[in-house]
Structures are given as structure tokens and as C-alpha cells.
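Inside the fold
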Amino acid sequence: MRILLWHVHGSWTTAFVQGPHTYLVPVTPDRGPDGLGRARTFDWPESVVELTPAQLREAEVDLVVLQRPHEAELAARWLGRRPGVEVPAVYLEHNAPDGPAPATRHPAADARGLTVVHVTHFNRLMWDCGARPTTVIEHGVVDPGPLWTGRLRRAAVVVNEPLRRGRWTGTDLLPYFCEAAPLDVFGMGTEGIAAELGVAAERCSGRELVQRDLHREMAERRVYLHPVRWTSLGLSLLEAMHMGMPVVALASTEATEAVPARAGVVSNRLEVLHDAVRGFMAEPERARQAGAAARAAALARYGLPRFLDDWERLIKEVTR
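With that settled, the discussion passes to the nonpolar core. Membership of the largest hydrophobic core comes to 77 residues, with the highest contact counts inside it found for Trp12, Phe16, Met218, Met241, Val277, Phe307 and Trp311. Contacts of tryptophan 311, omitting those with residues within four sequence positions, involve Trp12, Phe16, Val90, Leu92, Val117 and Ile137. Membership of the second largest hydrophobic core comes to 21 residues, among which are Leu24, Ala59, Leu66 and Ala75.

The subject of this paragraph is the pattern of salt bridges. Here the structure, examined in full by the defined rule, presents 25 salt bridges. The salt bridge involving arginine 295 is made with aspartate 143; its shortest N-O contact spans 2.9 Å. Residue arginine 295 is located in helix α12 (residues 284-302), and its partner aspartate 143 is located in the loop between β7 (134-136) and β8 (152-158); the two are separated by 152 residues in the primary sequence. On the basis of relative accessibility, which here comes to 17%, the residue arginine 295 falls in the buried class. The partner of aspartate 184 in a salt bridge is arginine 154, and the shortest N-O contact between them spans 2.7 Å. In this pair, aspartate 184 is assigned in strand β9 (residues 183-186) and arginine 154 in strand β8, connecting sequence segments 30 residues apart. Residue class for arginine 154 comes out buried when judged on its relative accessible area of 19%. Put simply, Arg154, Asp184, Arg207, Glu217 and Arg221 are held in one network by salt bridges that share partners.

What counts and how
- Residues numbered from 1 in each chain as written.
- Predicted model: local features only at pLDDT ≥ 70, side-chain atom pairs only at ≥ 80, totals over all residues.
- Heavy atoms only, no water.
- Core = buried A, V, L, I, M, F, W, Y, C linked by side-chain atoms within 4.5 Å.
- Buried < 20%, exposed > 50% of the residue type's maximum accessible area, 1.4 Å probe, protein only.
- Contact = heavy atoms within 4.5 Å.
- Salt bridge = Lys/Arg side-chain N within 4 Å of Asp/Glu carboxyl O.
- Helix = DSSP H or I, 4+ residues; strand = E, 2+ residues; numbered from the N terminus.

Right, dumping it as C-alpha cells:
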């Protein structure tokens, strides 16, 4: 198959393009959001091919994977074919809805010929997709390996733009967790986070790293902290579990499904989470055991082979 998709979510796409197909990613001179092209900070195979809008007009495309509301119109203009009508298409929804349950009409709910693919069962439950057929293909992760050492008595947090996103990502909770252990917050827009939160620099640092460096740095921290209130299931959480990190997480959205009890502590009681972080800092052997359970659970549920098999079944179904 020749599959057209935009480079929107680097970590998810890294797993998707490990399949057996040719993946066409649009590229524009400015490499803006609609033409980012191949990833520069993720390892993608040669089967990922950049095409300009002019080249797409002449390209053979078997399937379009839409990920943002405006991409259907963009694909129709660049391909000269309407997704879901003149070329098979699915709409991949990465996120949980922003609004409360009564106001969660999906942008593809009234589109013709599209199947909406959710990445978690929670998201499928919360979105109103109308009469559109829906399915869930849970995340898959390219296994980074059992990298955890827990050498540093610090907690790792991974979140992009935590200051802008605020309560959504639990940024307001970080000063509280800083009391349990020093935090290293990794992601875009994390520089200067200690000063913005009003905590001492030695209790909270922020850095943006490319994925290969990020995994090594995360794995040296004793525990992975997931303070996110409302978002889809973060791939960084699943990557941490793959690396053998114990997890302390809010019991929100899909986290309760992803993290079994033996792999860490999941709760909505902040005191319980605070004590869990302190406990893992003080008991490295318990952290190691929980991390081993986290890795086993992640490989079983979020391994790459299962993810690619699920996508193969859907691709065959929608392109028949």
C-alpha cells in the first residue's frame, strides 16, 4: 500500500511507519505544520517518502490517514480526490475531547466514508462520532529496551509546553511533588520551569531532548511521574514502562487501564501519590520490581507487533 499521512505526532508515526507499506508524507518549502516532511529527531525507515503537493497530484495513493480537521480539504485539493469518497480514508483521533461530555461532537462525525480510529477506549467513549463507524487501535511502542537504572534519586516527568497547558497537564501539581523528590521535566517549553513555578532550581529542572537522548536520561531517574489530569494516553508513559521504570500516575483518562497495580501507584489522592514517589526514592529494590512489572505489562499490551497487526486488519478492511 501507499499511505498518505501528515507528520503530526512524531512518536506515534515512528511506530506506524514500521509496517510493510510505503508512507507518503507531504513536504513544503517552509516545512510548516502541513509540510513538515520526514522527522529529524526520530529514526524513520527509508519507506517514508517526502512528496510535495505537486507530486502528490500525480501520486498513487491507496489510503489517506487524516489526523486534523482541515486535512480532508487539504487532501482533496492536493490529490484531486476526496478522502473517504474517491480514495479510502480513516480519521485517526489522537486526543480526548477538550469539552465536557455533552459538547464533544467529533469533527469527522458528519463526514462521508470515514472510519474514526481512536487510540484509547476512553477517547472512543467520550467522543460523539455520530453515525460514523469507530474502532480503537491502542498505541504501539518501538521498544527502547530495558534501560532503567534508577541511579538518580529523582523523578522524570515528560510533557510538552507544561506552562501553557497548565492544569491540563498537572503543571500546578509539580511544586507539591517537588517536596517528595527532585523533578526533571523533559519536553518542549520546559526551560526555566522552576522559576515560573516558584520553586528552587535544584528541585525542578526543565530540558528538551531528542528521543534517543531522552530515553537514556529518563532511565537514570528512579521513577516516572505522570501528573496529567486530562489528555490522551501519553506515549512517554508507555515508553517509560517499556524501559522498566516504576510509574506514579493520576488515575485519569486511560492511565488506570494502562498501568497495572504491580507496576506502580495510580490514584487520584495526591497524598497517596506523594508518598509513592517518596517510597520509590527510599526503596530502589521495590522500584526495580515495579519497573520490571511495568515493562512486562507494556510489552504485552502496547508492543509493536500487536499495534501493526491491528492496523493491517483495518487497512485491509477499509481498502477492500
